[in-house]
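Report on the structure
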Amino acid sequence: MIKIAPARRDRKARPNPPPASGRGCPHHEARITYIDYKDTNLLRKFISDRGKIRSRRVTRLTVQQQKAMARAVKNARETALLPYGTGTVRAGR
């Protein structure tokens, strides 16, 4: 005996997903072609107030741009252009 699949119901067409938030890549907006470790004003935009490198999700960079940015931040820290951290003192120790 052959089973026949039930007829498909007409499904409502799903609406298109909402458009991406109009925020573009910060490198393209600023027309940056090369990330220099000596440009501390640019690098500070990608570091949190505690001195941590911000994630790609927050910075909206591509994988290649994020790797170059992280490398530039680390080089700037090594040459003492940027701090490693805030240097806060823990209480009770």
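Residues numbered from 1 in each chain as written. Predicted model: local features only at pLDDT ≥ 70, side-chain atom pairs only at ≥ 80, totals over all residues. Heavy atoms only, no water.

**Observations concerning the overall build of the chain**
- Assigned secondary structure in the chain consists of 4 helices and 0 strands.
- When contacts within the chain are restricted to residue pairs at least 6 apart in sequence, long-range pairs at least 24 apart make up 57% of them.
- Summed over all atoms, the accessible surface of the chain reaches about 8,700 Å², with 51% contributed by carbon and sulfur. (Helix = DSSP H or I, 4+ residues; strand = E, 2+ residues; numbered from the N terminus. Contact = heavy atoms within 4.5 Å. Areas by Shrake-Rupley, 256 points an atom, 1.4 Å probe, with all protein chains shown as cover.)

**A short note on the nonpolar core**
- Ile-35, Leu-42, Leu-43, Phe-46, Ile-47, Leu-61, Met-69, Ala-72, Val-73, Ala-76 and Leu-82 together form the largest nonpolar core, which totals 11 residues.
- Contributing elements (two or more residues each) for this core: α2 (40–44) and α4 (63–78).
- In terms of residue count, α4 provides more of this core than any other element does, 4 residues in total. (Core = buried A, V, L, I, M, F, W, Y, C linked by side-chain atoms within 4.5 Å. Buried < 20%, exposed > 50% of the residue type's maximum accessible area, 1.4 Å probe, protein only.)

**Section: the side chain of Thr-59**
- Note that Thr-59 resides in helix α3 (residues 56–59).
- A polar contact is formed between the side chain of Thr-59 and the side chain of Gln-66, at a distance of 3.1 Å. (Polar contact = N/O pair within 3.5 Å; in protein donor to acceptor, adjacent residues only side chain to side chain.)

**Quick look at the confidence of the model for the chain**
- Overall, the predicted model of the chain reaches an average pLDDT of 79, with 67% of residues at or above 70.
- Put simply, helix α1 (residues 26–30) is where the chain has its lowest mean pLDDT, 66, and α4 is where it has its highest, 93. (pLDDT = per-residue confidence, 0-100.)

**Considerations on α4**
- Here α4 contains 16 residues, and its C-alpha end-to-end distance of 23 Å stays within 8% of the 22 Å for a straight helix at 1.5 Å per residue.
- Of all the positions in α4, only Gln-65, Gln-66, Met-69, Ala-70, Ala-72, Val-73, Ala-76 and Arg-77 are classed as buried. Looking straight down α4, one finds its buried side chains confined to an arc of 165 degrees; they lie on one side. Residues of α4 that are exposed and point over 90 degrees away from its buried face: Gln-64, Lys-67, Arg-71, Lys-74 and Glu-78.
- At the C-terminal side of α4, Ala-80 shows a positive phi close to 65 degrees. (Expected span 1.5 Å × (residues − 1). Arc of directions from axis to C-beta.)

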